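Inside the fold
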Amino acid sequence: AQKVTQAQTEISVVEKEDVTLDCVYETRDTTYYLFWYKQPPSGELVFLIRRNSFDEQNEISGRYSWNFQKSTSSFNFTITASQVVDSAVYFCALGGNNAGGTSYGKLTFGQGTILTVHP
Amino acid sequence: DTGVSQDPRHKITKRGQNVTFRCDPISEHNRLYWYRQTLGQGPEFLTYFQNEAQLEKSRLLSDRFSAERPKGSFSTLEIQRTEQGDSAMYLCASSSRTGTASYEQYFGPGTRLTVT
């Protein structure tokens, strides 16, 4: 079974601080995919990034960066110089690639981390 | 390119009534997913379509739930004899790839169901 754990329930920071959201996953699939989604107060889930398990290269996109470490089964997300508009619930998700079975891309989500950025 | 749309956005119903939700995916997407999200939790997978074929159903999907995607375009999710425990946000998502790999899914705004 697949499992995603986001141990941080809530994080509160002041604008311009850097913040890292943690994600730990469990899977038996040899190939898998990791995602981060943002859910702002409006409620609609917004796709941020997708990483393949065979590509551990970390990525920076503007103020966002991701640290994927297969050895520790972690896929952490950092926001640099946070802004009030970053306030949202952030979800880490795991998708399998079970070619022999039924894992047709369904995602297993963590419970989410509520990020509040104060002005 | 319009995103995923869902209708209605809100539904209040009395226990025991039937409800039906509609999802229109992004037009060229062949995969369509339904998830359920309760307060303070992440979305939970319910079912998945590739074109018009329903390929996977979660154990969460009891016999009271049925989903269709008759022409491989829009999908409907029906809940019969609603219970208070069915109160949740029902999310639809779509993606465009084939095969068994996971690709990014684009979500609609959701239908919030309240069962009184």
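Description of the structure in this document. What you see is a predicted model; the values in this text were computed from it and never measured. (Residues numbered from 1 in each chain as written. Chains lettered and ligands numbered in written order. Predicted model: local features only at pLDDT ≥ 70, side-chain atom pairs only at ≥ 80, totals over all residues. Heavy atoms only, no water.)

1. Re the overall build of chain A
Heads up, the rule is: Under the scheme used here, helices are H or I runs from DSSP no shorter than 4 residues and strands are E runs no shorter than 2 residues, and both carry numbers assigned from the N terminus. Each radius of gyration is computed over the set of C-alpha atoms, and the globule rule expresses the reference value as 2.2 Å times the number of residues to the power 0.38. Classification of residues uses two cut-offs on accessible area relative to the type maximum, computed with a 1.4 Å probe and protein chains only: under 20% is buried, over 50% is exposed, and between them is partly exposed. As used throughout, the charge tally considers Lys and Arg to be positive and Asp and Glu to be negative, leaving His and the chain termini uncounted. A charge is said to be at NZ when it belongs to Lys, at CZ for Arg, at CG for Asp and at CD for Glu.
Looking only at helices and strands, one finds zero helices and 12 strands in chain A. Compactness check: chain A gives a C-alpha radius of gyration of 14 Å against a globular reference of 14 Å for 119 residues, within 12% of the reference. Seen through its principal axes, chain A has C-alpha atoms that stretch 50 × 30 × 20 Å. Burial statistics for chain A: of 119 residues in total, 46% are counted as buried. If you average the places of the 9 positive and of the 12 negative side-chain charges in chain A, the two averages end up 6 Å apart.

2. Side note on the overall build of chain B
Stated formally: Contacts are assigned to residue pairs with any non-hydrogen atoms lying within 4.5 Å of each other. Note on areas: these come from Shrake-Rupley sampling with a 1.4 Å probe, and a residue is covered only by the protein chains present in the view.
Across its full length, chain B holds zero helices and 11 strands. Secondary structure elements in chain B, listed N-terminal to C-terminal, are β-β-β-β-β-β-β-β-β-β-β. By principal-axis analysis of the C-alpha atoms, chain B measures approximately 40 × 30 × 25 Å. Counting across all 116 residues of chain B, residues that qualify as buried make up 50%. Long-range contacts, defined as pairs at least 24 residues apart, comprise 55% of the intrachain contacts of chain B with a sequence gap of at least 6. As displayed, chain B offers around 5700 Å² of accessible surface, 43% of which is attributable to carbon and sulfur atoms. Side-chain charges of chain B comprise 15 positive and 13 negative groups, with the mean position of each set lying 5 Å from the other.

3. So, the sheet that holds strand 8 (residues 75-79) of chain B
Residue and element names in this part refer to chain B. To keep it simple, the criterion reads: Any two strands with at least two DSSP bridges between them are considered paired. In this analysis, axes come from line fits to C-alpha atoms, helices being fitted only over the stretch in contact, and the angle between any two N-to-C directions falls in the range 0 to 180 degrees.
Spatial ordering of the open sheet is given by 1-3-8-7, a layout of four strands whose pairing is antiparallel. Two strands bound the open sheet, and with one partner strand each, they are strand 1 (5-7) and strand 7 (65-68). When strand polarity is set aside, the average angle formed by the axes of neighbouring strands in this sheet is 15 degrees. Here four bridges tie strand 7 to strand 8, and the two strands are oriented antiparallel to one another. Its bridge partner lying in strand 8, Phe65 is registered against Ile79.

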